[in-house]
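An overview of the molecular structure
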Amino acid sequence: MSHTMQIPTDTPRAEKYELLLQQAQELVRDEPDLIANLANISSLVRMYCDFLWIGFYRMVGDELVLGPFHGPVACTRIAVGKGVCGTAARDMKTIVVPNVDDFPGHIACSSSSKSEVVVPLVAGNVVELVLDIDSEQINGFDETDVRFFEQLVELIRLAHFE
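Residues numbered from 1 in each chain as written. Predicted model: local features only at pLDDT ≥ 70, side-chain atom pairs only at ≥ 80, totals over all residues. Heavy atoms only, no water.

**Quick look at the nonpolar core**
In this structure, Leu-20, Phe-51, Leu-131, Ile-133, Phe-148, Phe-149 and Leu-152 are the most contacted members of the largest nonpolar core, which totals 32 residues. Of all the secondary-structure elements, those providing two or more residues to this core are α1 (13-29), α2 (34-48), β1 (53-60), β5 (115-123), β6 (126-135) and α4 (143-160). Sort the elements by how many residues they give to this core and α4 lands first, with seven residues. For Leu-152, the residues in contact, after removing those within four places along its chain, are Leu-21, Ala-24, Ile-41, Val-45 and Leu-131. Listed in part, the 18 residues of the second largest apolar core include Leu-52, Leu-64, Ala-88 and Val-97. (Core = buried A, V, L, I, M, F, W, Y, C linked by side-chain atoms within 4.5 Å. Buried < 20%, exposed > 50% of the residue type's maximum accessible area, 1.4 Å probe, protein only. Helix = DSSP H or I, 4+ residues; strand = E, 2+ residues; numbered from the N terminus. Contact = heavy atoms within 4.5 Å.)

This is the structure we're talking about:
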């Protein structure tokens, strides 16, 4: 498998995401280690997308613990039900926050974050981890982004929790 790929900067977002999903599938296909795959996936997305932060929080006991990520230093532990990540984990559903200042209890790991998407990975009614993506732009995410992030989490679920 090739570990490098080139995506022209003018590639439409949906097409870019399709290429990234194909590359992510190749990355996880023969690698059984979850942490290695999360690290490569966060790196892959950060290389080709203009997001402030992308990474994973793993459920350890009753809290989310920082996993592989790319971007500024992040919060290490988040209680379930707290902030966007903890709320997505508690509710077991994707949360899109167009403006983090409008989200009650938002945890500001970086003052540069203006909008956020969190997608939980649910396997058998258990949240195993969440994918967290922050943008420096208000309204930084649209339906195309959310669909891609949910497909990415489903890819991880099938590779490691199925």
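**Overview of helix α3 (residues 83-91)**
Of all nine residues that make up α3, seven are buried, and the element is covered over most of its length. Of all the positions in α3, only Gly-83, Val-84, Cys-85, Gly-86, Thr-87, Ala-88 and Ala-89 are classed as buried. In this structure, the buried residues of α3 make contact with β1, β2 (63-70), β3 (77-79), β4 (95-97), β5 and β6.

**A look at empty space enclosed by the protein**
Taken as a whole, this structure holds one cavity of 30 Å³ or more when the rule is applied. By volume, the largest cavity is sized at about 180 Å³. Along the wall of the largest cavity there are 19 residues; nearest its centre are Ile-107, Cys-109, Glu-116, Asp-132 and Asp-134. Going through the elements one at a time, β1, α3 and β6 are the ones with two or more residues in the lining of the largest cavity. It is α3 that contributes the most residues to the lining of the largest cavity, three residues altogether. (1 Å grid on protein atoms, 1.4 Å probe; cavity = no way out; pocket = protein on both sides within 12 Å on 5 of 7 lines; lining within 4 Å. Points joined across faces, edges and corners; volume = space filled by probe spheres on them.)

**What about the environment of Val-118?**
Within the secondary structure, Val-118 sits in strand β5. Val-118 sits 37 residues away from Leu-155 along the chain, and the two C-alpha atoms are 16 Å apart. In this structure Val-118 touches Val-84, Cys-85, Ala-88, Lys-93, Thr-94, Ile-95, Val-130, Leu-131 and Asp-132, once residues within four positions along its chain are discounted.

**Structural notes on α4**
Note: α-helices contain 3.6 residues per turn, so residues at a spacing of three or four share the same orientation. Across its 18 residues, α4 extends 26 Å between first and last C-alpha, which sits within 8% of the 26 Å expected from 1.5 Å per residue. Among all positions in α4, only Asp-145, Val-146, Phe-148, Phe-149, Leu-152, Val-153, Leu-155, Ile-156 and Arg-157 are buried. The inward-facing, buried residues of α4 contact α1, α2, β1, β4, β5 and β6. You can read the cap of α4 off the contacts: a side-chain oxygen lies 2.9 Å from the backbone nitrogen of Thr-144, and it is on Asp-142. (Expected span 1.5 Å × (residues − 1). Polar contact = N/O pair within 3.5 Å; in protein donor to acceptor, adjacent residues only side chain to side chain.)

From the geometry alone we can't say anything about function, so treat these as descriptive.
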